[in-house]
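Below, each chain spelled out in residue letters.
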Amino acid sequence: MRIGIGYDVHKLGTGKEVVLGGVSIPFDKGLIGHSDADVLLHAICDAMLGAAGEGDIGVHFPDNNPLYRGISSIELLRKTKDIVDTKGYRVSNIDSVLVAERPKVAPYRDKMIESIATALEIESNQVHVKATTNEGLGSIGREEGIAAYAVCLLVFQNGE
């Protein structure tokens, strides 16, 4: 077994949408980034890559590579799964936390879980998405950004 942790944060601004866990969420602001800026999936990718001993998302999908400009982070998650598979691992469990004042994610949580589970070819009960606010504190509390944390447990594909 191997465990990894991931973290990501992106600014909120105008002109883009909010995509979290592969789900587009209506909001008056959007996340800014090289890809679709899905902080939840970026944190999950980092957790998976860390657990597999494969660095981080910036190593595999650098933001200075035009190939990844505007890419769906679900595609990055699938590519991350391929890297993990190549190393002989499979995802046993993903646990994650979104940190945002708004938008409220509870109405979209089940769709996020299903989106992540489908991309990773695992059961939805192996993916956990929680959300909290920053109680009005700091840049996230001022609604300047959204952050996410994730932990991933990998096991060898043969079950060990």
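It should be emphasised that the depicted structure is a prediction, and the values quoted were computed from it without experimental measurement.

A. Structural view of the overall build of the chain. Helix and strand counts for the chain stand at five helices and seven strands. Counted from the first residue to the last, the chain has its helices and strands arranged as β-β-β-β-α-α-α-β-α-β-α-β. Relative to a compact globule of 160 residues, whose C-alpha radius of gyration would be 15 Å, the chain shows 15 Å and is just as compact. Seen along its three principal axes, the alpha-carbon backbone of the chain occupies a region of about 45 × 35 × 25 Å. Of the contacts formed within the chain by residues at least 6 apart in sequence, a portion of 73% connects residues at least 24 apart.

B. A look at the packing of aromatic side chains. What the rule picks out here adds up to three aromatic pairs. Measuring from centroid to centroid gives 5.5 Å for F61 and Y68, while their planes differ by 80°, and the two rings are edge-to-face. For F61, a relative accessible area of 10% puts it in the buried group.

C. Quick peek at the packing of helix α1 (residues 39–51) against helix α3 (residues 73–86). In the contact formed by α1 and α3, the axes pass within 10 Å of each other and the chain directions differ by 10°. By the angle between their directions, the pair α1 and α3 is classed as roughly parallel. Facing α1, whose interface residues are L41, H42, I44, C45, M48 and L49, α3 presents S73, I74, L76, L77, T80, K81, I83 and V84. When the residues that make up the contact of α1 with α3 are grouped by side-chain class, the tally is ten nonpolar, three polar and one charged.

Definitions and limits used
Residues numbered from 1 in each chain as written. Predicted model: local features only at pLDDT ≥ 70, side-chain atom pairs only at ≥ 80, totals over all residues. Heavy atoms only, no water. Helix = DSSP H or I, 4+ residues; strand = E, 2+ residues; numbered from the N terminus. Rg over C-alpha atoms; globule rule 2.2 N^0.38 Å. Contact = heavy atoms within 4.5 Å. Phe/Tyr/Trp six-rings, centres within 6.5 Å; stacked < 30°, edge-to-face > 60°. Buried < 20%, exposed > 50% of the residue type's maximum accessible area, 1.4 Å probe, protein only. Axes fitted to C-alpha atoms, helices over the stretch in contact; angles between N-to-C directions. Parallel < 35°, antiparallel > 145°, perpendicular 65-115°, else oblique. Nonpolar A, V, L, I, M, F, W, Y, C, P; charged D, E, K, R; others polar.

Purely spatial values, then, with no claim about function.
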